Amino acid sequence: MKSRLIRPALTALVSGAIIAGGAVYASPALAEEPSTPATVTESESAEPSESASVEPSDSASPVPSAPTSVEPSVEPSGSASVEPSVPVPSDSVSSSPTPSQSPVKDTKGPTKANFKLNYSSIWLGQVVTFTQTAADLADPTDATSKLSRVINWGDGTTSPLAASTTTVRKTYTKKGSFKVVVTVKDPAGNALVTPAKTVAVTTATGTVTLSKKNLYQGELFTVTTKTIPAGATHFRIDWSDGWPSVHKAKKGAAIRGHVIYQWKWDAVQKRYVPVNGSKVTGKRIIKVSWYNAKGYSVNQNVGTVSLAKDSWKPTLTITKPSPANKASSWRTIKGTATDKGAGVRFVYMTVLRVTADGKTYCLNGKKQWKRYYSGADQERLCLRSSVALWTKVVKGKWSVKVPAGSKKNQGVLAYAWAWDDAENFRSKTREAWLTRN
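Q: Honestly, the pattern of salt bridges in this entry has me stumped. Any pointers?
A: Where side chains of opposite charge bring their charged atoms close, a pairing between them can arise. Scanning the entire structure with this criterion turns up four salt bridges. Put simply, Asp 421 and Arg 345 hold a salt bridge, and the shortest N to O gap is 2.8 Å. With Asp 421 in the loop between strand S32 (410-419) and strand S33 (425-434) and Arg 345 in the loop between strand S26 (332-338) and strand S27 (346-354), this pair connects stretches of sequence that are 76 residues apart.

Here it is in structure tokens:
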């Protein structure tokens, strides 16, 4: 007998019951009150010590008083049967596998995918803005952040959208009528294609002419509008030199300009600065862009100018007053200015005078005498182009009227300078000591 079965057998023996074939037989003395069988717990099935092991001898076996078995008067209950607790090896148990439950397939796709376009008609070069927020999307089973979105702009281009993207800007590169749709998919692949919104793209064109096409560097020419697109409020001229200019859009607008240097915008200085010191030459395309409330159109080519190099300085003279020593002769100062190349438009000048006691004055652009004490003062008050006195050149001649101030016993000096339109420079001076008023 295995040791783990000794304790149950011994317990049955002591209580006067012998287990045989699953039936319980009790001696007559114990039949009236069958003893309660011992309950075998998991801990009692452990290996007992040697002192607890009892091997029954022949004398230890009880001998019944009668050779025949006596049926007990009381039918034992099922609890009187003590079955030893024998663990069944796990590999001997054949259990039926529980069938796995297949996930429910998501067949309900997105139900809403609204979007907006700010314009339904634009000019080429203007921008359409697409807007779609989380509130514009809906799906019965998935969060809107898990939906994939792709815009089809109708011109053969698409824009996949990140979950956080709410606006996209689009510039069309060709004219036509384009149907914009959005395809929205959930993770299961269910898709919703929105109804289309149409964008009509047209070309803004006007009629613009150039007064000259063969020019010297810096030579003036005129851009004139003959017709303008419907709805245009302004137009921008691209002079081909990096420095555009903006003007009101109206029929017959005549804008004068020139091309001499290549410019660029300096964000630090907040102004246009030359790319280098070299003057541009050769063929230059002049363009115009039209503007309305939706923005600027693409540029429209209006003509090509050819720039030739201008290396001539202007000629400049100051006519000698007569008589030169008389103060009243200097009340009008005049001269000539001509140019072989691009032309000269203005003559800048000042008049300097010194009194008998050494006080010095210069004449500014407002025809005011300003006292100065140094060369820096003179430049700041009277010589800079922004403050200097200037006069137009008409048919090669110029003149300036000088206010009262010059008197007998004073020195006087007229200083004139000119740039031609190609920025070639020339200056002249004329002076005298006044001995008469």
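Anyway, onward from the coordinates.
Q: Which parts of the structure should I look at to understand the sheet that holds strand S25 (residues 315-318)?
A: Paired through backbone hydrogen bonds, the strands of a sheet run either parallel or antiparallel to each other. Read from one edge to the other, the open sheet built from three strands follows the order S25-S26-S31, with strand pairing classed as antiparallel. Two strands close off the open sheet at either side, each with one partner strand: S25 and strand S31 (397-401). Along the sheet, successive strands turn relative to each other by an average axial angle of 20 degrees, direction set aside. Taken together, the four bridges between S25 and S26 define a ladder with antiparallel strand orientation. From the neighbouring strand, Ile 318 faces S26, where its bridge partner is Gly 335.

Q: Explanation requested: the environment of Ile 228 in the structure shown.
A: Among the secondary structure elements, Ile 228 is positioned in the loop between strand S16 (221-227) and strand S17 (234-238). Ignoring any residue separated from it by four or fewer positions in sequence, one finds Ile 228 in contact with Thr 205, Gly 206, Ala 249, Lys 250, Lys 251 and Trp 290.

Q: Looking at this model, I keep getting lost on the state of the cysteines. Mind explaining?
A: As used in these notes, a disulfide is a covalent bond between sulfur atoms, one from each of two cysteines. Under the counting rule described, the total for this entry stands at one disulfide. Here Cys 362 pairs with Cys 382 through a disulfide, and the sulfurs are 2.0 Å apart. Handedness of the Cys 362-Cys 382 disulfide follows from its S-S torsion of about 70 degrees: it is right-handed. Placement of Cys 362 in strand S28 (residues 360-363) and of Cys 382 in helix H3 (residues 375-383) is noted, with a sequence separation of 20 residues between them. Both residues of the pair, Cys 362 and Cys 382, count as buried.

Q: What is the right way to look at the nonpolar core in this model?
A: In summary, soluble globular proteins display a tendency toward joint burial of nonpolar side chains. Of all hydrophobic cores here, the largest spans 25 residues; its most connected members are Ile 333, Val 347, Met 349, Val 351 and Trp 398. Grouped together as the second largest cluster of nonpolar side chains are 22 residues, Phe 221, Val 280, Ile 286 and Val 288 included.

Q: How should the packing of aromatic side chains be read in this particular structure?
A: Each aromatic ring pair is characterised by the separation of its centres together with the angle its planes make. Counted according to the given criterion, the structure contains 16 aromatic pairs. Taking 4.8 Å as the distance between ring centres and 55 degrees as the angle between the ring planes, the aromatic pair formed by Tyr 291 and Tyr 296 counts as tilted. Residue Tyr 291 is classed as partly exposed on the basis of its relative accessible area, which comes to 28%. Residue classification places Tyr 296 among the partly exposed positions, given a relative accessible area of 23%. Residues Tyr 415 and Trp 417 carry aromatic rings whose centres are separated by 4.9 Å and whose planes lie at 35 degrees to one another, so their mutual orientation is tilted. Since its relative accessible area comes to 3%, Trp 417 is described here as buried. Chaining the aromatic ring pairs together yields one cluster made of Trp 243, Tyr 261, Trp 263, Trp 265 and Tyr 272. Sitting over the face of the ring of Phe 115, Lys 197 holds its NZ or CZ atom 5.3 Å from the ring centroid.

Analysis parameters
Residues numbered from 1 in each chain as written. Predicted model: local features only at pLDDT ≥ 70, side-chain atom pairs only at ≥ 80, totals over all residues. Heavy atoms only, no water. Salt bridge = Lys/Arg side-chain N within 4 Å of Asp/Glu carboxyl O. Helix = DSSP H or I, 4+ residues; strand = E, 2+ residues; numbered from the N terminus. Pairing = 2+ DSSP bridges. Axes fitted to C-alpha atoms, helices over the stretch in contact; angles between N-to-C directions. Contact = heavy atoms within 4.5 Å. Disulfide = S-S within 2.5 Å. Buried < 20%, exposed > 50% of the residue type's maximum accessible area, 1.4 Å probe, protein only. Core = buried A, V, L, I, M, F, W, Y, C linked by side-chain atoms within 4.5 Å. Phe/Tyr/Trp six-rings, centres within 6.5 Å; stacked < 30°, edge-to-face > 60°. Lys NZ or Arg CZ within 6 Å of the ring centre and 35° of its normal.

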